[in-house]
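# Survey of secondary and tertiary structure
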Amino acid sequence: MSATLVSSPHGSRPNRVDRVMQEVLLALVPGVAAMIWFFGWGVLINITLAVAVALIAEAAVMRVRRRPIGPAIGDYSAVVTAVLFAISVPPTLPWWMTLLGMLFAIVLVKQLYGGIGYNPFNPAMAAYVFLLVSYPVAMTTWLAPDMLAEHAVSFTESLRLIFGGALPSGVEWDAISAATPLDEMRGKLDQGMPIAEIRLSPLWGDFGGRGWEWVANGFLLGGVYLLWRRIITWHIPVSMLAALAVAAGAIWLIDPTTHPFPAFHLFSGAAILGAFFIATDPVSACTTKTGQLIFGASIGLLVFVIRTWGGYPDAVAFAVLLMNIVAPTIDHYTQPRVFGHSGNRANP
Amino acid sequence: MAAIQSLLRRDRLWTFHGGIHVPDEKALSNGRAVEVMPLPKRLVIPLQQHIGATARPVAKVGDRVLKGQLLAQAEGYVSACIHASSSGTLVAIEPHPVPHPSGLSALCAVIETDGEDTWAELPEPITHYAQLDPTEIRERIRWAGVVGLGGASFPTSVKLNPGPDQRIRTLIINGAECEPYITCDDLLMRERAGDILAGVRIMHHLLGDPRILIGIEDNKPEAFEAMRFALAETDMRGYTEIRSIPTLYPSGGEKQLIRILTGEEVPTHAIPARIGIVCQNVGSAAAVADAVLEGRPLTSRIVTVTGRAIAEPRNLEVRIGTPVSDLIAHCGGYRERPRKLVCGGPMMGFEIAHAEIPVTKPANCVLALTEAETPDPGPALACIRCGRCAEVCPAKLLPQQLYWHARAKDLDRVQDYNLFDCIECGCCAQVCPSHIPLVQYYRYAKNEVWAREEDKRKAELARMRHEAKQARLERQERERKARLRQKKESLDAGPGKSQTDQDAKKAAIEAAKQRAAAKKAAAAKAEETDDA
Ligand code: SF4
Ligand code: SF4
C-alpha cells in the first residue's frame, strides 16, 4: 500500500497527455499522406528533420533547466509541434530554416515561457510566421502538385534540394514549382482577371487547387476523427470554418466575379488544417465554451480579412497568433454561470 | 414517443452540466444477498459519526451495556445520539483511529461483547404517527441517532425540521447510488423496499405532505422494480413517483439529483430547503422506519465490501463499531495484495492506511483496490489548458483556473472562481490528461481559506484582549499613583493619625469602587465581542 494517503479519485484515469498527442499524430496521417502523395518526399524529410530537432532542443532545454527529460519528450507535444510546422512550410525549405524554426518554436516560444502549458502562443505557428517574415521567398516557393509538375522530384533529389539547395540537374525552378492556389487567386485578381477566367487554369480542381483540395480532405478526415475520439470539441473548428464560409459567402453573393466562392476559402491554404489541428491547440486557445466560439469565429473572420485585403496570401498563422494574444481576455469574460449562481458572474 | 409520454406524465427529467461515465463495477458485489456479519469480540464506536458536535458519553466505563442502549447523548441541536450496537461491557472511552481522511484518532466507546446480543428495553413503537405532533416523532428520530447514510451523515432529525417559515414542496429520496462499486443502497432497495417507503411516509408527514420523488439510476433495474412493486402496495401512490434516471456520475450528488428530478438549482451557499426541497437517502428512510415503527435505534448498516483485491465481494449488514478488518476477513480476505484501501467509493472516498478502524454510520463501502484498479497515476504534468475538466464539472466551475490559483496560493482569486461551489466530486481529476490531483488542490485551498478566517478571528480577539489588558495596566498605574499621592498628602498633613486613617480608608473605598466600575465595563465589552 502506498505510504502517503492520496486524495480521491482513486480509479485509473483513462486520459493522458501523451495519448492525446498520439491521437493527434494519428489524425494527421491522412492529410500528411496526401501531401506526400502530391508534393513528394520533401514533406517527409522536413517532418523527420523537424521532429529530430524539436526533440533534441526539448531535451537540451530540460537539461539546462534541470528538469527530468523523459516526461517532457514522452508527452509527444514537441513531436506534434514539429509535424504541424513541417507540413506548413514548403517541402523544399532549406534544412537550416527548419532547424531555425524549430529552435525558435521549442526554445523561445515554448520553453522560455515555462514549457508546455505556459506558452501563450502556438509554437508551430509562431515559428512559421517568424520564418515567413524573415525569409519570405523561401517560405512561399511551393512545389507544384504531382500531376501539374513537369518533373517529379525524387527522394534523392529532394534530399539534395533541402540539404544542398541544388536543383535536379537540367531542371529549372519553374518546372517543379507552382504558385499555391491562394497565391494564384490573389495574383490574378490583382491583375483584374475575373474569377471565371482564373478558374480556367489547370491549377484548379473542384473547390480549391488540384492536389491541395485532397490534402484538405485528408485533414478534414483527421479532424473528424479527433472529434469522434473527443480529443477536441466542435466549438473551435466549426465556428472558425463557419465564420470563414459566412464572410466569404456574403461577399461572394455581392460580387461573384471578383470574389471566389466560399468552398475555395475552406479548401485552400491551411484553413482545414488550422481549424482542426492548430486553432484547437489547447494551451494557446480559449478554454471556456463561449470563449472557444468567439475565438474560432474570430480566427475565421481574420483569415478571410487577411486573405482578402492583407499583405500575405495565407492568414491562418497570423490569425491564430493574433487570437492567442486575446484568448486569456476572452476566457476571462466568458466564464460560465456557476451552478446555483443567478445571472452571469460579476466578479473577475 | 417516449418523450411525448414523459411530457404527458409530467415526469420529465432534467440534466446537469458535465458529469462522467465511469465503469460502474457494481456487478462485483451486487450478486449476493445481504449477509448479517457475525458479532465481533470488540466494538469500537466513535462518539462522533455525524456532522456536528461530538456526543456526550452517558454510560460509564465498566458498565454493562445492552444492545440499543444509549452510550452518548446528542450534544446541541446539530448532533446525533450514539447507541451500543451489541451487549457487553463498556471497557474504555478513549481515542482510537477512526475512518477520517486525516487518519487521525477520535474518542470511541469500546465494548467487549458478551455474545448474547441482548436488546435493551426499547421505547414503544409509534404506529399512529399521523395523529402525533411532528415534534414528538422528530424527538424519536433524534433519539435513534439517525443520520444521512449516503455518506454525508448530517443528523436526519435536523433535516426533517426545516422550520415554520419554510414550506417544503418536494421530498427527494436519493437512491441514485452513482459512485462506482458501491451497491449497499441497491441491495437495500431490493430487500427492504417496503421499509424504505414506510420511512418515506413518516418523513412525508413530518414535512407537511410534500410530493415525493424517488430517483434511482437506471443501472439498478432490480431495485427500481422492487421499489415500484412496494409502492403499488401502499397508499402513497397519489403523491409519490419513482423515477429511473440516466446513469451518470455524480447524479447522486444532492444538488445534481434535485436538478435532475425537478429542474431546480439550489442557490450557492444555501441548503435545498431554501427552495422548498428536502433530500434524504434511502438508507436513512429505512432507519427512520426502524426508529419510529419499531423503536429501534440505528446500530447497524449495510456496507459494501468490494474491489478486485477482495476474495468474495458482497454486502454485509454490519454493527456500527465492527473493525473493517473483520469485514474483509468475512469476505474471504484478500485475493491479492491491495494497493489501496478506500473508505467510500473510488470517486469521493478517502484512502485509509490500514483496516483497524471501525465501521461508522456513514461508511457505505470498503474498497480494496488492486494495482490494476488504482494504478499509480504517475507524476502530474503541466496543465495544458485543454478544458476537459471544465467540460465535466457538474458545478460548472473552471477547474483549471481554480487549480492555477490554488497552486499559486492566491486565496482571494480561488474564491473569485467560486472554490466553495466545488463539491469535490473528482470528475475533473478523473478526466485530466495531465493527471493533476485537482481535488487535492481544492481541499487544500479550502482548508487554507478556513485557516485564514480562523486566524483573522483569533487576531481580532487577541487585539481586543491586548487592548483590555492595556487599559487595565493603565488603570492600575493610575490607582497606584493616586495611592502614593494620598499617602504623601496624609504624611504631609502631620501626625493627626486618626485623620490619616480616615483618609486612607476613604481612598481605599474610592479605589475599590473605581476597580469595580472598570471591571463592569470590561465585562460588558467582553460580552459584546462574544456576540460579535
Ligand atoms: S483537464 Fe487537466 S490539463 Fe486539462 S485544463 Fe483541466 S487541469 Fe488542465
Ligand atoms: S471536484 Fe469540484 S471542480 Fe472538480 S469537477 Fe467536481 S465540482 Fe468541479
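As the structure is a prediction and not an experimental result, all values here were calculated from the model. (Residues numbered from 1 in each chain as written. Chains lettered and ligands numbered in written order. Predicted model: local features only at pLDDT ≥ 70, side-chain atom pairs only at ≥ 80, totals over all residues. Heavy atoms only, no water.)

Another aspect to go through is the packing of aromatic side chains. The way to describe two aromatic rings as a pair is by their centre distance and the angle between their planes. Counted under the stated rule, the structure contains 10 aromatic pairs over all chains. Residues Phe420(B) and Trp450(B) carry aromatic rings whose centres are separated by 5.6 Å and whose planes lie at 55 degrees to one another, so their mutual orientation is tilted. With Phe420(B) in the loop between α11 (411-416) and α12 (427-431) and Trp450(B) in helix α13 (residues 438-492), this residue pair connects regions lying 30 residues apart in the sequence. For Trp450(B), a relative accessible area of 47% gives the class partly exposed. The ring centre of Trp228(A) lies 5.7 Å from the NZ or CZ of Arg229(A), which sits over that ring. (Phe/Tyr/Trp six-rings, centres within 6.5 Å; stacked < 30°, edge-to-face > 60°. Helix = DSSP H or I, 4+ residues; strand = E, 2+ residues; numbered from the N terminus. Buried < 20%, exposed > 50% of the residue type's maximum accessible area, 1.4 Å probe, protein only. Lys NZ or Arg CZ within 6 Å of the ring centre and 35° of its normal.)

Facing the 62 residues of chain B at the interface are 42 residues of chain A. For the pair chain B and chain A, the summed buried surface comes to about 4,700 Å²; carbon and sulfur atoms form 52% of the total. A per-residue breakdown of the area chain B buries against chain A is headed by Glu351(B), Ile384(B) and Arg385(B), which together make up 15% of the total. Here chain B is connected to chain A by three salt bridges. (Contact = heavy atoms within 4.5 Å. Buried area = accessible area lost by both parts, 1.4 Å probe. Salt bridge = Lys/Arg side-chain N within 4 Å of Asp/Glu carboxyl O.)

Okay, the sheet that holds strand β13 (residues 300-306) of chain B next. Residue and element names in this part refer to chain B. Sheet architecture is open: six strands sit in the order β1-β14-β13-β17-β15-β16, paired in mixed fashion. Strands with a single pairing partner mark the edges of an open sheet, and in this sheet they are β1 (35-36) and β16 (350-352). On top of the sheet, helix α4 (residues 184-206) reaches β13 and β14 (314-319); it is set at about 125 degrees to β13, its chief contact. (Pairing = 2+ DSSP bridges. Axes fitted to C-alpha atoms, helices over the stretch in contact; angles between N-to-C directions.)

Below, the discussion takes up helix α17 (residues 316-333) of chain A. The periodicity of an α-helix, 3.6 residues per turn, causes residues three or four places apart in sequence to face the same way. All names here are of chain A. Compared with an ideal rise of 1.5 Å per residue, which puts 18 residues at 26 Å, α17 spans 24 Å between its outermost C-alpha atoms and is within 8% of the ideal. Along its length, α17 reaches its greatest deviation from straightness, about 45 degrees, at Val326, and the proline Pro328 lies no more than four positions downstream. Those residues of α17 lying buried are Val316, Ala317, Phe318, Ala319, Val320, Leu321, Met323, Asn324, Ala327, Ile330 and Asp331. (Expected span 1.5 Å × (residues − 1). Bend = angle between axes of the 7 residues up to and from the residue.)

Assignment of secondary structure puts Val283(A) in the loop between α15 (271-278) and α16 (289-309). Sequence-wise, Val283(A) and Gly31(A) are 252 residues apart; in three dimensions their C-alpha atoms are separated by 23 Å. The residues contacting Val283(A), other than those within four sequence positions of it, are Ile116(A), Gly117(A), Tyr118(A), Asn119(A), Ile384(B) and Arg385(B).

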